[in-house]
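One-letter residues, chain by chain:
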Amino acid sequence: MDRKLLLEHIGVEGIHTHDVYRKQGGYKAVEKALKSMSPDDIVEEVKKSGLRGRGGAGFPTGMKWSFIAKPEGVPRHFLCNADESEPGTFKDRYLMEKIPHLLIEGMILSSYALGCNQSYIYIRGEYMYVLQILEKAIAEAYANGWLGKNIKGSGFDLDLAVTTGAGAYICGEETALIESLEGKRGNPRIKPPFPAVKGLWGRPTVVNNVETIAAVVPIVNEGGDAYAQFGIGRSTGTKLISASGNINKPGVYEINMGITVEEFIYSDTYCGGMKNGKKLKACVPGGSSVPILPHYLVCKTAAGEDRLMSYESLSDGGFATGSMLGSGGFIVYDEDQCIVRNTWNFSRFYHHESCGQCSPCREGTGWMEKVLHRLEYGHGKMEDIDLLWDIQRKIEGNTICPLGDAAAWPVAAAIRHFREEFEWHVNEPKLCVTKNYGLVTEKKFEPVNA
Amino acid sequence: MSETNPKFKVTIDGVEVEVDPGTTILNAARLIGGDVVPPAMCYYSSLQGSGGKCRTCLVEVSKGSEKDPRPMPKLVVSCSTPIMDGMEVKNKSSEKVMDARAGVVEMLLINHPLDCPICDQAGECDLQNLAYEHGKSTTRYEFERRTFDKVDIGEYIKLHMTRCILCYRCVYTANQLTDQREHGILNRGDAAEIGTFIEKNLKNEFIGNVIDVCPVGALTDKTFRFRSRVWYTKPMDAHRDCKCCSGKAVVWMIGDEVARVTARKDQYGEVKEFICNECRFEKKEKSDWTIEGPRHIDRNSVISANHYEVEAPAHTPLLNKA
Amino acid sequence: MSQENIQLPEDLLQEVGRQIAKFPEGMQKSALLSVLHIAQAHFGHLSEPVMDYVARLLHILPIEVYEVATFYSMYDTVPVGKVKLEVCRTGPCMIEGAEKIVSYIENKLGIKDGETTADGMFTLKTVECLGACGYAPMLQAGEKFHEHLTEAKVDELIEQYRNNPKANYLGL
Ligand SMILES: Cc1cc2nc3c(=O)[nH]c(=O)nc-3n(C[C@H](O)[C@H](O)[C@H](O)COP(=O)(O)O)c2cc1C
Ligand code: SF4
Ligand code: SF4
Ligand code: FES
Ligand code: FES
């Protein structure tokens, strides 16, 4: 099943315009839904499809939708999370830039399903030119009667607007996004209450990722069951993967979930293999937050089975020997890359992006960055490795929002799988600033640090 | 039809208590009192929105409720988590909690100066108390600490940002007690700071209360006379007729002189009746006040526990001439 | 700049109105981030009088604007060059040579990360992942993304901006 569901028409000239999009079957799902489906029918189809959130957490979308509170007389809001800032992830930008009407169509369907009449796309400030593409497309959608009052005579009203961030990764966290949309600092809220009960302006709110929302279009067009035919197990449908790093063909790929990681990295349909004939050293399969895998755990699981591009298979083995699909930001490292440097780099990122509200994350992310910096530049001590382990352990699970975990996991995974490379940095303080360690040796995992 | 409010039963460190639905774990623990009460550095019951940030009040929920007895997967903040009927909570009896709390304390201290003996808040600092109980005496942090210069925010209040733990209490206080908030949180992450952005005087007539809500020595009273160690002063309950506030305060006496005035705090360090700037900053004569009698400081604090009653170092002037 | 001189031109005020109109009555504060972008593009940076002006436009307190302007990394509260060269330095860009690009620009312009050239033309800033990791290394100038950077491409770009009198905050 090589068919694409989201990017099927991406190659068509002018697909970013309403008329071409429409000619390719665009807005058929809206017509169908408004004519023959109730809001609950759509929620039902989304449940049947098995669609899981594409923003990183993989939470079942239909279930999330069914949690929204419906108090009498209180407006509800549907928000699109287009903050896309997880390092290694650039699929939402691609989708919005190339085929903006797909997102708009998905917004209409989702808003209808949830009974929302005022919806927003929150896009990161750096994507200003994408914002302009979206605004143009929204204007076209209004002009063609897909937005506004009484859409196509259905009695359903929807206003859709794009609004912008201004440089803050944390605003991808849904309650920080809501705060930001209210014109405030992007401080995540303390939950409960959850957005489904009290979100934007205190009203029931659902936040979904760009790709999740786009996937509602094929689900309505072809039915949830048909969508669930794609993919494997509980990883139904197709997934956009942003591939970057030392590979021949970086870019955005729509994959049918369940293809092997090996095929994804080495086949010419996708990444086209390692650049310059180098060897694979490591891979971060789901954006910078997820655990890094050493070369011997990338294409095979610890049990020796083929690792697949799916939620379940990528997390097979838990954090001990697995990782996560996350946002689908697939970063590939070759033998010349330094794991300590990369871990320091990611730590600096989380340090830079912590909102500073809660003490373990505010203080701990900076501390980890400093220790890693010292290790990378040959001033580290052997105890630093255990110190790092302890700091990340004290952050993980003890913070307001998952950014704390996201900062802790990459450090933990790097130490777990690449400890010998960290030790080498301590033992070879002069060498480690001029030379890279190379491949790590395969090791049997000892489950103490799981 | 009279209805009796159903009460929820909750057990904390083995002690059972019945509370109204909606009560948080922390407030349930406070009903029990004593050792089962988790420390709270950012929560302040009268300030809406406070809590959840410092993470010192983390506890373990070993049983979710009677209906759903599964334990909660992660530690939760007791100040912001409502109890469920039949919930079982572990505070001091949980190793996980003590370990995590020690971690939080260590985090709070890595950028905090270690000069308690010369800090104006010494002896009545919640962080000092917390560190004494939960921290280690050595630090593993070997990098430069962030420091700021002391600044005056108005004629009455001094801000020493270096000591701030970003509990946000003073911001909520300004938001909820005054109608023109002028200070707030600037920048983000560990660069975040309390400030006014440009030099500004905080001048609202209730703004002085930020001093009392501050758990550390970041916001202090510039009119505090004889700024010695507080344990040389004698706290007395006192009141006066005030048009603006309740006029109920604590005056801190040295001999016959009023060294400073604060609001009255309960055993958890919380002010229930805020006082106005006039009472706090301008009534420094004994004759301004009707003295009721000595104030019992019944917090289990280092003031009463004597841990820090050392001679004031020679370089701290006993008389503050500033 | 004194308070009186701070005033957006009519077309931009209309744009501010359009941003505010995206939100329900009374929720105009939601337009703050957008309005700050507009103000920064016009005035060059968000000085205190500019922020106070924005507060008045949205009927909010100045501190609410300062809090937001200092939280988000895209806002400049101090003057910057006409063109900001924002080079991504995060993992995927780093392993494709972002650090080399940064030092190349530093040497070429004689400034360090965070500094502005003496002629006020360029500011160099390293930033975190801009969502172009597959086209690394990359930089953003104004609104424009420049991807697959090489030293030659950087030369060309800087030349372009230097020669084009229209080079401004928004990029080419
Ligand atoms: C620190 C942090 C950053 C996040 N960034 C994004 C993001 O940029 N885009 C996104 O869609 N979700 C992001 N998420 C996930 C959102 O919180 C939320 O789960 C998601 O938008 C829900 O949509 P979904 O169910 O469709 O995935 C982030 C979460 C965290 C904790
Ligand atoms: S975990 Fe970090 S980013 Fe999240 S609320 Fe706490 S300080 Fe902010
Ligand atoms: S100054 Fe004091 S009250 Fe204000 S945030 Fe800092 S520690 Fe809290
Ligand atoms: S008191 Fe609960 S988190 Fe600070
Ligand atoms: S890492 Fe540079 S754009 Fe993502």
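Residues numbered from 1 in each chain as written. Chains lettered and ligands numbered in written order. Predicted model: local features only at pLDDT ≥ 70, side-chain atom pairs only at ≥ 80, totals over all residues. Heavy atoms only, no water.

Broken down by element type, chain C carries seven helices and four strands. Starting at the N terminus and walking to the C terminus, you meet the elements of chain C as α-α-α-α-β-α-α-β-β-β-α. Viewed in the frame of its principal axes, chain C has a C-alpha envelope of about 50 × 30 × 25 Å. Going through the 172 residues of chain C one by one, you find that 58% of them count as buried. Across chain C, every contact between residues at least 6 apart in sequence was considered, and the portion connecting residues at least 24 apart equals 61%. By element, 51% of the accessible surface of chain C is carried by carbon and sulfur atoms, the whole surface being about 7,000 Å². (Helix = DSSP H or I, 4+ residues; strand = E, 2+ residues; numbered from the N terminus. Buried < 20%, exposed > 50% of the residue type's maximum accessible area, 1.4 Å probe, protein only. Contact = heavy atoms within 4.5 Å. Areas by Shrake-Rupley, 256 points an atom, 1.4 Å probe, with all protein chains shown as cover.)

Here the focus is the domain arrangement of chain C. Entries for chain C in the domain assignment read domain 1 (3–69) and domain 2 (83–168). Domain 1 of chain C and domain 2 of chain C are separated by 28 Å when their C-alpha centres are compared. (Domains from an automatic or database assignment.)

With respect to the helices and strands, the residue A:Gln337 is situated in the loop between strand 11 (329–334) and helix 14 (339–353). Relative accessible area serves as the criterion here: at 13%, A:Gln337 is assigned to the buried category. Sequence-distant contacts of A:Gln337, defined by excluding residues within four places in its chain, comprise A:Asn246, A:Lys281, A:Glu421, A:Asn436 and C:Ile95.

In this section: the nonpolar core. If you look at the biggest cluster of nonpolar residues, it comprises 119 residues, and the most contacted ones within it are A:Phe264, A:Phe422 and C:Tyr72. The biggest single contributor to this core is helix 17 (residues 403–427) of chain A, with 11 residues. Apart from the residues lying within four places of it in its own chain, the contact partners of C:Tyr72 are A:Tyr122, A:Ala166, A:Gly167, A:Ala168, A:Cys171, A:Ser180, A:Lys184, A:Arg185, A:Gly186, B:Arg188 and C:Leu33. One finds B:Cys54, B:Cys79, B:Ala131 and B:Ile165 within the second-largest nonpolar core, a separate group that totals 82 residues. (Core = buried A, V, L, I, M, F, W, Y, C linked by side-chain atoms within 4.5 Å.)

Going through the model one piece at a time under the given rule, you end up with 28 aromatic pairs over all chains. For the ring pair C:Phe43 and C:Tyr53, a centre distance of 6.5 Å and an interplane angle of 85° mean the geometry is edge-to-face. Separated by 10 residues along the polypeptide, C:Phe43 in helix 2 (residues 32–43) and C:Tyr53 in helix 3 (residues 48–58) bring together distant segments of the chain. Judged on exposure class, the residue C:Phe43 and its partner C:Tyr53 are both buried. These aromatic residues form a ring-pair network of at least three members: A:Tyr253, A:Phe264, A:Tyr270 and A:Phe330. Sitting above the plane of the B:Tyr168 ring, B:Lys53 keeps its charged end 5.0 Å from the centroid. (Phe/Tyr/Trp six-rings, centres within 6.5 Å; stacked < 30°, edge-to-face > 60°. Lys NZ or Arg CZ within 6 Å of the ring centre and 35° of its normal.)

This part covers the packing of helix 14 of chain A against helix 17 of chain A. Residue and element names in this part refer to chain A. The interhelical angle for the contact between helix 14 and helix 17, taken along N-to-C directions, is 160°, at an axis separation of 9 Å. Compared by their axis directions, helix 14 and helix 17 come out roughly antiparallel. Crossing geometry of helix 14 relative to helix 17 is assigned as left-handed. From helix 14, Ile339, Val340, Thr343, Phe346, Ser347, Tyr350 and Glu353 reach across to helix 17, where they touch Leu403, Ala406, Ala407, Pro410, Val411, Ala414, Phe418, Glu421, Phe422 and His425. In terms of residue class, the contact of helix 14 with helix 17 is built from 12 nonpolar, three polar and two charged. (Axes fitted to C-alpha atoms, helices over the stretch in contact; angles between N-to-C directions. Parallel < 35°, antiparallel > 145°, perpendicular 65-115°, else oblique. Left-handed = near helix turned anticlockwise from the far one by under 90°. Nonpolar A, V, L, I, M, F, W, Y, C, P; charged D, E, K, R; others polar.)

All names here are of chain A. With respect to spatial proximity, 19 residues lie near ligand 1, and among them Gly55, Asn81, Asn208, Asn209 and Thr212 are the closest. Within the backbone of glycine 55, an N or O atom sits 2.7 Å from an oxygen atom of ligand 1. For ligand 1, an oxygen atom lies 2.8 Å from a polar atom in the side chain of asparagine 208. The fraction of the free accessible surface of ligand 1 (600 Å²) that becomes covered by protein chains is 90%. (Near = heavy atom within 4 Å. Polar contact = N/O pair within 3.5 Å; in protein donor to acceptor, adjacent residues only side chain to side chain.)

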